[in-house]
Every structure is written in C-alpha cells, then in structure tokens.
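Residue-level structure breakdown
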Number of protein chains: 2
Amino acid sequence: MSSSYIRDLPVADAADLDAFDALFAQSSAIGATANAGLHRLAASVEDGAMRDVFGAWLRAHGFTVQVDAVGNLFGLMTFDPAAPYVLCGSHLDTQPKAGRFDGVYGVLAGAVAIASIARQLEARGETPAFNLAVVNWTNEEGARFQPSLIGSSAFIGSLSVDEAWASRDGAGVTLGEALGQIGYRGEAMLDVPVAAYLEMHVEQGVQLENQGLAIGVVRHTWAALKWRIRFDGEQNHTGPAPMAVRRDALLAAAEAIVAVRAEAERHGLDMHTSVGRLELEPNSPNVVPALTRLWVEFRSPSMALLVEAEERFRATLDLIAAHTGTTFTLESEQLRPPSQLHAGLSDLARQTCAALGVPAGDSATVAGHDAISLGRRYPAALLFVPSQGGLSHNEAEFSATSDLHQGLRVLTALLYRTCCQPELYL
Amino acid sequence: MSSSYIRDLPVADAADLDAFDALFAQSSAIGATANAGLHRLAASVEDGAMRDVFGAWLRAHGFTVQVDAVGNLFGLMTFDPAAPYVLCGSHLDTQPKAGRFDGVYGVLAGAVAIASIARQLEARGETPAFNLAVVNWTNEEGARFQPSLIGSSAFIGSLSVDEAWASRDGAGVTLGEALGQIGYRGEAMLDVPVAAYLEMHVEQGVQLENQGLAIGVVRHTWAALKWRIRFDGEQNHTGPAPMAVRRDALLAAAEAIVAVRAEAERHGLDMHTSVGRLELEPNSPNVVPALTRLWVEFRSPSMALLVEAEERFRATLDLIAAHTGTTFTLESEQLRPPSQLHAGLSDLARQTCAALGVPAGDSATVAGHDAISLGRRYPAALLFVPSQGGLSHNEAEFSATSDLHQGLRVLTALLYRTCCQPELYL
C-alpha cells in the first residue's frame, strides 16, 4: 500500500488508474460516434444508460447513490452522518457529436479518487473531518436544454426545480419529462450539506500545452452575456414578391450574425463572440423566412467591455430591424458576471501539485463550468488537465492518458487534504 | 341550361360555382392551420387525405382516375379513346403554413370546369376533337422535396422517375417512400397523349389588382438560378476557442446571405434573390457551427444578368471561405432559362376573356409553375386571377370568391374552345 503514498499524501495507485481506464472505456462506448467521439445529450437514452453503469459502479464500491429532482446523481461516501461533504464531480452529458473527455473525466476521476481515499483511510484507521461525495450534474452543456448548468444551478438554488423541469428541447420535450423517461427524476432536491467542491476538467484551451504544465488551477472566470433574439418578418413567395415589400427574418439574422462577429474583431483577445444556434421558420426554399431565433454569446474578462458591446449591439439590432422591415424581441438575456474561485482551496491545490512534483500554474476559464455555480455558494476549486490543440466540443477532442492519470493522482491527494485537513484552507 | 351560355360559349353555371365552393371548402379543411391557412406538404398524410377526397369527387362526376409512378393524379374525361387530351390542372400540395389558394384553385377549377363542359356537350350532342383531363401534379412547391415541379418535370421527361423517387425530405424520407405510404405511388408513368395544357393560378403579385383586371394571361417567365451551397467549418467550443482559430460555418453562411441580397439591390427591379432554407450542424448554443447548407435563388427576366450575378457571387464565395477559414461546395445548381407560353393558346385566352366581357391583360410570372414544365413540350397557357396584396406562401394569402368564380367561367369557355375548336390556336 505504501506505493500509493507520496510524501504522506495518499494518491491513486495502479489499480485505481486501471479502474479509471476501465470506467472511461465504458463511458466512451455509450453514445459513441463513428469518428471516436461521443453524442450523449442530457436525459437522452444514452445518458440514462451511462447513469445506470455509473450508479452500478458506485454501489459496487461502497457509495450510497441518490438522485435529486433535477436528476443530479450523487454517490455518497459517508464517514460521519453529522459531518458535511466535500463534493467532487462534473457532468456525463455531452454536446452533439462531441468528445469523450469534456465533463466525463471529472466525474469518473472523482469517483475513483473517492473510492481510493476511502480504502486508504480505512487502512490507516483515519476518520476525516468531512464526508466525500461524487456528483454528476444534469445538463451542464445546455445543448439539448437551455440554460446550461441546470443541475448545479438548481442545487445552489439559483434556478427553481419548476424552471428546470419546464425547459424544452427542440422537439418540445421538457427536461422533467425526459428525466422521467430515463428514470432519473427524483422526488425532491437533496439536502447535502457542502463543506467544499472540487472539479477536474479538460482545459479546452492551449495554455497548459504551450507552457508545458500538467495542471492549471483556475483562479477566475470570464463574464458572459447570452441572448436569445427573435426576428419576425413576413412569409411570402421568393419569386414574385417585390424585393421592396419583403420582410426577411433570415436576412435580419444574417446581418446580426455578422455584427456579433464584428464585436469580437473590435476587441482583439479580450472578447469572444458566437452564434451557435439558429431556428428558422418555415425553412422552405421558396418562402421568404418569417421567423428566426438566434442564440448569441459575448464573453470577456471585462464587464465594462460586455456592457459596451451590449449597448452597441442593441443599437445595431434597431438598425437591422429598420433596414429589413422586421421586428426583434429579446426573448431571454443572461448575464454571468466574472467570478473568483476560492483562494484558500486554489492555493491548496497549487501546494498539493508542488508536493507531488507536478508542474502547475494558475489559469482562467472562458467556458462555464459547474464549479462556477458551486463557487457562488461554497468554497470551490476547478483544476484543468491539458487538451491537445485546445480542440473541444468536437469528436477529435483529446487528452493523453498520462495527463488524465496525473490529474487523478493530484485529485486524490487534494481530496484527501480537503476532507482531512480543513485547517489548510478554511 | 341556356343561362350557362354566353355568346355561344358554355360557361360554369350556378351549380358549378356551388360545386367549386364546396370542393374548395373541403380542401381548406385538410391541413388547415389555426390562422385559416393550409399546411399540406407533398406526400404527407394530409396530402393523401386530400387526394382521397379529390379522387372520390372525380369518380362521382364521371372521370376515370389514374395515378402515375411519381403520384401525378389524372382525372380523365374521355370522349374518343383515339384522341389526345387537353390537360388542365395545377397542384394540391402547399408550402409550410401557407395559403388555401395557391395551386389548389387551378386543380379544383379544372375539375369543375371539365365536369361542366362534359355535361353541356352531352346536352348539345356535341363531340369534341380532343378529350379532357384534370391533373394534380406532385410536389410542385419544392418545400418538402427538392427540386420543385417534380411531378410535371417527370411527366415531360426532364426528370427521371428514379431521380424523383430518390429525392429526400429533411428527415431523410424519400419521395418514393412517402408516396408509397399514402398509397399514391403508381406502377409507371402514364402515356397520356397531350394536345394542349391549361392552368389557372392565383397571381401572387399585385399587377392585376393595380390595373383593375380580372385575368392575366402569362406570356413569358423569368429565368431562375438555384444553388445549394455547403460550407464546412470546424466544431469547437464557443467559449475558450480563440477567435483566430475558429472556422465558423454559420458566419460564412451569414456573409453569403448578405451577399445574395446585395445582388438584388444592385439590379433594382430586374433581380429577385433569396435564401429561404438553411441547414445547420450541430446547431447547439455552445458549439461553433461545423456545417451549413444554403438554398440560394437568383431570378431575373435577363439571362445575362443571372450569368453576371453568378460570376460575381462565385468570387464572393471564395472570399468568404478564405476570410472565415471554411470551405464551400456547390452541391447542386439548377438554371431555368426564361420561356414563352404558347402564343396561339394565349391569344385564344385573351379573345375568350374579351368575348365574355372579362377585363384581362398580358402578364409575366417570376415563380415557377407546372405550366412552364408542360410548355416546354406542348402548347400551354397559364392564366392568373387576382391575389389580394400579392401576398403568397403565407396563411393570409387571399383571392375574392367573385374573382375565383370569374376565373372558373373563363376557364370553362377556354377549355371548351381548346377541345372543340383546335383550329383557333393550333
């Protein structure tokens, strides 16, 4: 057993790494695409199948499995029923035709790390200050259901269960219905007292790779402004209808997409923008489009830049509507301010990497993560492992097994310190 | 019976107008939308139901019903098995959430007019030179299946049955499968010898309304250039992926849509352009779009302008692809040259209107019509009745009942002359 200790820190041993590899291979097969990617939308049949496999693994390794009203799946490892939990997790859902690593890594690594710690604590005869739990948050991606981060937002109370259940996918199915269909809609939210939250994730960027680091400790997040905009035009015949009378909702959308991109060009590296989703009615070759919906994102480290971009874009929308004879409606608007992860827990993560001799640095995240939700309420840390070429939300997303294993060793040691040595960060 | 004759021309009588109104009301109920429109896509369940109703009406009124391989539905009124037919028809399919008049009017008016003439010829003891037949052409709209005009194109041999059957809708269902499902895929194309073709249609424009005319006789068509363009980008995360590495297929599409519109602005009234359909993958809010498909149309009375627009647009596509890091493929290209309708038959239509005291003028059509297909091979005429405000492919499409009735009277007289007095136009 001594081989799994480094400087008195319990880390994942060879059997743990094998267990992780086996679980990861199982996950990679459920919703696998022809190009070695993963297509496992939230609350889909594939998501249900993966949850079944994961729940069975947890029960076989001494966890108690519980599911809350919005489908968050907890694997509880309780040492003292009166103590709060250190939660560790991420998400098992994916984007369409996406990669095998995003989200999945953090959930499976968390489960294996907790099982390893429980086994080693028992061998040492040590009782930790806090219990441990792994969690799979529902619909982190926001692909099938919007908004993203539904499970973790409902857990911290910033989204109600009714709002979460009412979210509809493109076919009109609600999240509540979809969870019921796969058997993962629990009776109520669970009262899991939280001492701290840890999440491992693939970086989805190139900083670690470029700097030769194995771990990035995320210190802060970018702010994000997400809009859903609807343009209403008028359905007409694309042949005889004179151009002057057309009210083309797709032309308006196209001009808006170009304007959204221009906002990124204006601010260099400090602004990312995109339109990833567009709905179009009636979407027929011979018909002037009557309605479009656009999902627009602006992301920046600076709230001031976002506010400036918002004001300019609103004025642009007025011009586009006037020019195209359409009207527009801002159907939803979500401003996610920048936030800081927990300084003490993040420092502890850096110290743990140093103790293990793992090269690490500080990082920032542009993407949203469940750790950002949890961090609003609890001490939370978010750690990255390298992504090859930074490619993500793509079947070719890749992280080397050696990097995943290194991350798992770090996570085990960090979870141990977090549950056994709270005085180090609280 | 004498009341249904004007200057020795048999016209629809009051009972015929009632029969038309009743049939039109039945049609308006099959695929009716909440806003008094019609949603009856080609070879859909609703299309099948309407065909059943129409076929039953034809049989009850002395027609022989036959269906060819691509679902064209003929109602034959045969006086002399050795003689060719004067065909009259249009289409019963619609665009999504469209109007009740487009296409439907011509089919139902043709059926009622032929039944009326057959009855009146029998009363007069007169045998015409040609037989009569009404026809419902499959998938005129090109909404569910592309190209448009599938039924009439297959009939004249410019599209093969295999090509027609292989056309797929957005869900991957072929036209051959869909026709089989509603019971309207015949064994083979029919050998119906054609003497002439007549079609009544709503104008979908404002010329008749503006000029106070009841009938427009279409003399020529605009040319059309239809492209399906595919942009390939790369799926990535809309958050962390640096703007410089993104290859956004939706941004490319948006720039192309703006460029298509600019081509219309450049040429004033001599160019209509549009993008009515767009496909997008994976269409998820947090994912840089990997693939888009655009259905682009340029229409003009001038082939030279279309060729000029085509060359400029190809160069623009190269620039867009280079600028956005995408590639593009021209997946299909269809150039429909301008064509003339039959001069003798069109003159006869104008003379018939004059004989009936109906105000008529010459017209042109920007939209494609089955009469354009038929006119490539046979003497064909296309007549318009007024459309209120020119609105079409819209639930609010409207033509006054008095205008529909006036058109039906003209059609009856014109069909009579076409089948009994071929020397007037051939």
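Residues numbered from 1 in each chain as written. Chains lettered and ligands numbered in written order. Predicted model: local features only at pLDDT ≥ 70, side-chain atom pairs only at ≥ 80, totals over all residues. Heavy atoms only, no water.

The name that an unreviewed UniProt entry assigns to chain A is Zn-dependent hydrolase, with the source organism given as Pseudomonas flavocrustae.

**What about the sheet that holds strand β5 (residues 85–90) of chain A?**
Residues and elements named next belong to chain A. The strand order β3-β4-β6-β5-β7-β16-β8-β15 describes an open sheet built from 8 strands, whose pairing is mixed. For this open sheet the edge positions go to β3 (64–67) and β15 (360–365), each flanked by a neighbour on one side alone. Neighbouring strand axes in the sheet, compared pairwise and without regard to direction, differ in orientation by 30 degrees on average. (Pairing = 2+ DSSP bridges. Helix = DSSP H or I, 4+ residues; strand = E, 2+ residues; numbered from the N terminus. Axes fitted to C-alpha atoms, helices over the stretch in contact; angles between N-to-C directions.)

**What to know about the interface of chain B and chain A**
Across the contact, 58 residues belong to chain B and 58 residues belong to chain A. When chain B packs against chain A, the two sides together hide about 5,000 Å² of surface, and 54% of this comes from carbon and sulfur. When the area that chain B buries against chain A is broken down by residue, the three leading residues are Met243(B), Arg261(B) and Pro285(B), summing to 13%. Where chain B touches chain A, the interface holds 2 salt bridges. Linking Lys97(B) and Glu281(A) is a salt bridge whose minimum nitrogen-to-oxygen distance equals 3.8 Å. For the interface between chain B and chain A, the tally reads 34 residue pairs in polar contact (both at pLDDT 80 or more). At 9 residues, the largest contribution of residues to the side of chain B that touches chain A is made by strand β11 (residues 272–281) of chain B. Looking at the side of chain B that touches chain A residue by residue, the class counts come to 25 nonpolar, 21 polar and 12 charged. (Contact = heavy atoms within 4.5 Å. Buried area = accessible area lost by both parts, 1.4 Å probe. Salt bridge = Lys/Arg side-chain N within 4 Å of Asp/Glu carboxyl O. Polar contact = N/O pair within 3.5 Å; in protein donor to acceptor, adjacent residues only side chain to side chain. Nonpolar A, V, L, I, M, F, W, Y, C, P; charged D, E, K, R; others polar.)

**Some remarks on the UniProt feature "domain: Peptidase M20 dimerisation" (unreviewed entry) in chain A**
Mapped onto this structure's residue numbering, the UniProt feature "domain: Peptidase M20 dimerisation" (unreviewed entry) falls at residues 225–318 of chain A. In residues 225–318 of chain A, helix accounts for 36% and strand for 34%; the two terminal C-alpha atoms are 19 Å from one another. (UniProt positions renumbered as here; feature names shortened; annotations may be inferred.)

**Structural notes on the domain arrangement of chain A**
Interface size is commonly expressed as the accessible area that is lost once the parts come together. All names here are of chain A. Here the domain parsing of chain A yields domain 1 (2–222 + 338–424) and domain 2 (223–336). The interface is formed by 12 residues belonging to domain 1 together with 15 residues belonging to domain 2. Among the residues domain 1 hides against domain 2, the three largest losses belong to Trp-222, Pro-338 and Val-366. Together they make up 57% of the total. Joining domain 1 to domain 2, the criterion identifies 0 salt bridges. There are 1 residue pair in polar contact (both at pLDDT 80 or more) connecting domain 1 and domain 2. Taken together, the residues that form the side of domain 1 that touches domain 2 break down as 6 nonpolar, 5 polar and 1 charged. (Domains from an automatic or database assignment.)

**Observations regarding the relation of the copies chain B and chain A**
Note: a rotation about an axis with an accompanying shift along it relates these two copies of the chain. You can overlay chain B on chain A at an RMSD of 0.1 Å; the transform is a turn of 179 degrees with a shift of 0.0 Å along its axis. Put plainly, the chains are arranged around a two-fold axis. Closest approach to the rotation axis within chain B is made by the C-alpha atom of Ala254(B), at a distance of 2.1 Å. Both copies contact each other with a shared surface, as 100% of the interface residues of chain B are interface residues in chain A too. (Least-squares fit on C-alpha atoms with pLDDT ≥ 70 in both.)

**A word on the packing of aromatic side chains**
Under the criterion given, the structure shown has 24 aromatic pairs over all chains. With a centroid separation of 5.5 Å and 65 degrees between ring planes, the pair formed by Phe298(B) and Phe313(B) is classed as edge-to-face. Placement of Phe298(B) in strand β13 (residues 291–300) and of Phe313(B) in helix α9 (residues 303–324) is noted, with a sequence separation of 15 residues between them. By relative accessible area, which is 0% here, Phe298(B) ends up buried. Pairwise contacts between aromatic rings join Phe20(A), Phe24(A), Phe101(A), Tyr105(A) and Phe398(A) into one cluster. Seen from the ring of Tyr184(A), Arg51(A) lies directly overhead, with NZ or CZ sitting 5.2 Å from the centre. (Phe/Tyr/Trp six-rings, centres within 6.5 Å; stacked < 30°, edge-to-face > 60°. Buried < 20%, exposed > 50% of the residue type's maximum accessible area, 1.4 Å probe, protein only. Lys NZ or Arg CZ within 6 Å of the ring centre and 35° of its normal.)

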